[in-house]
Amino acid sequence: KQEVTQIPAALSVPEGENLVLNCSFTDSAIYNLQWFRQDPGKGLTSLLLIQSSQREQTSGRLNASLDKSSGRSTLYIAASQPGDSATYLCAVKKDKLVFGAGTILRVKS
Amino acid sequence: DAGVIQSPRHEVTEMGQEVTLRCKPISGHNSLFWYRQTMMRGLELLIYFNNNVPIDDSGMPEDRFSAKMPNASFSTLKIQPSEPRDSAVYFCASSTRTDLNYGYTFGSGTRLTVV
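Model, not experiment: these values are computed from the prediction. (Residues numbered from 1 in each chain as written. Chains lettered and ligands numbered in written order. Predicted model: local features only at pLDDT ≥ 70, side-chain atom pairs only at ≥ 80, totals over all residues. Heavy atoms only, no water.)

*Asks:* I keep staring at the overall build of chain B and nothing clicks. Help me out?
*Replies:* In terms of regular secondary structure, chain B is built from zero helices and 11 strands. The linear arrangement of helices and strands in chain B, starting from the amino end, is β-β-β-β-β-β-β-β-β-β-β. Judged by the C-alpha coordinates and their principal axes, chain B covers about 40 × 25 × 25 Å. Evaluated residue by residue, chain B yields a buried proportion of 50% over its 115 residues. Nonlocal contacts in chain B, meaning residues at least 24 apart in sequence, comprise 54% of its contacts between residues at least 6 apart. Total accessible area computed for chain B in this model is approximately 5700 Å², and 49% of it derives from carbon and sulfur atoms. For chain B, the distance from the average position of its 11 positive side-chain charges to the average position of its 12 negative side-chain charges is 3 Å. (Helix = DSSP H or I, 4+ residues; strand = E, 2+ residues; numbered from the N terminus. Buried < 20%, exposed > 50% of the residue type's maximum accessible area, 1.4 Å probe, protein only. Contact = heavy atoms within 4.5 Å. Areas by Shrake-Rupley, 256 points an atom, 1.4 Å probe, with all protein chains shown as cover. Lys, Arg positive; Asp, Glu negative; His and termini not counted. Charge placed at Lys NZ, Arg CZ, Asp CG, Glu CD.)

*Asks:* Got a minute to help me understand the nonpolar core in this structure?
*Replies:* Generally speaking, nonpolar side chains in soluble globular proteins are found buried as a group. Ranked by size, the top nonpolar core spans 22 residues in total, and within it A:Phe25, A:Leu33, A:Trp35, A:Leu75, A:Ile77, A:Tyr88 and A:Leu105 carry the most contacts. Residues B:Trp34, B:Met60, B:Tyr90 and B:Val114 belong to the second largest nonpolar core, which totals 21 residues. (Core = buried A, V, L, I, M, F, W, Y, C linked by side-chain atoms within 4.5 Å.)

*Asks:* Any chance you could explain the environment of B:Phe33 here in plain terms?
*Replies:* Locating B:Phe33 in the fold gives a position in strand β4 (residues 31-38). It is 7.3 Å that separates the C-alpha atoms of B:Phe33 and B:Leu45, two residues lying 12 residues apart in sequence. When residues no more than four places from it in sequence are discounted, the contact partners of B:Phe33 are A:Asp95, A:Lys96, B:Leu45, B:Ile47, B:Tyr48, B:Phe91, B:Cys92, B:Ala93, B:Ser95 and B:Tyr104.

*Asks:* What's the story with the pattern of salt bridges in this structure? I'm lost.
*Replies:* Opposite charge on two side chains permits pairing when their charged atoms draw close. Residues and elements named next belong to chain B. Within this structure, the stated rule accounts for 10 salt bridges over all chains. With its nearest N and O atoms 2.6 Å apart, the salt bridge here joins Glu44 to Arg41. Judged by relative accessible area, which is 59%, Arg41 ranks as exposed. Put simply, Glu62 and Arg64 hold a salt bridge, and the shortest N to O gap is 2.8 Å. (Salt bridge = Lys/Arg side-chain N within 4 Å of Asp/Glu carboxyl O.)

*Asks:* What is the right way to look at the packing of aromatic side chains in this model?
*Replies:* Each aromatic ring pair is summarised here by two numbers: the centre-to-centre distance and the angle between the ring planes. Overall, the coordinates contain eight aromatic pairs over all chains when judged by the stated rule. Ring centres 5.5 Å apart and planes at 40° place the aromatic pair A:Phe36 and A:Phe99 in the tilted group. Here A:Phe36 is found in strand β4 (residues 32-38), whereas its partner A:Phe99 is found in strand β10 (residues 97-99), with 63 residues between them in sequence. By relative accessible area, A:Phe36 is classed as buried at 1%. With 5.4 Å between their ring centres and 85° between their planes, A:Phe36 and B:Phe106 make a pair best called edge-to-face. (Phe/Tyr/Trp six-rings, centres within 6.5 Å; stacked < 30°, edge-to-face > 60°.)

*Asks:* Can you help me understand the interface of chain A and chain B in this one?
*Replies:* A common way to state how big an interface is: give the accessible area lost once the parts meet. On the side of chain B, 22 residues touch chain A, which itself brings 18 residues to the contact. When chain A packs against chain B, the two sides together hide about 1500 Å² of surface, and 51% of this comes from carbon and sulfur. Our enumeration of links across chain A and chain B arrives at zero salt bridges. The tally of links between chain A and chain B comes to five residue pairs in polar contact (both at pLDDT 80 or more). At the level of elements, β4, β5 (44-51), β9 (86-93) and β10 of chain A are the ones that each hand at least two residues to the side of chain A that touches chain B. With four residues, β4(A) is the single largest residue contributor to the side of chain A that touches chain B. Here the residues of the side of chain A that touches chain B sort into seven nonpolar, seven polar and four charged. (Buried area = accessible area lost by both parts, 1.4 Å probe. Polar contact = N/O pair within 3.5 Å; in protein donor to acceptor, adjacent residues only side chain to side chain. Nonpolar A, V, L, I, M, F, W, Y, C, P; charged D, E, K, R; others polar.)

Below, the structure written as structure tokens:
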């Protein structure tokens, strides 16, 4: 059974800092890995999708990496802003999408 | 594309009542997923469909829950009778199975409160 773990559970940083969110999964036989953002009381917004054959994807200040063999992914956020405050969820896909518990990020101005 | 559309956005009902949640997936997507999110358990997959056929319903908590997908553009999740512990946010998502590397798109969710 696939299990996805996200570390840390919560993170508070001052504005402008670069930060890394970690995701690990137990079954490396995945098709892709997706990072989502969820604002309080809202739905899930897809941030980045990394195919199993890829090593990383970038979108603006976000960079996600994937090491499938070791079952790890990181989401790097450069020059963090208060608007980045949200819960970040990692999910891996084979037949179905399995989510981690998320990292609650707070960026202080 | 309007994305995945869920209705209602909020539902408050009394214990014992029947609740029906609705989802319209993205046109052309042939996989549909129902998730439940709570503070205690995070996001849990309840059931998913491929080409309107239920593939895995092992996440459905008990017989009070049922889901249908009568056609490619509509799905329902029904709870009968509802209980306070069913209070959660229910998300629907769709994807295309023809490309296994394709990502998921989520709806905005239905916040269910059972009193």
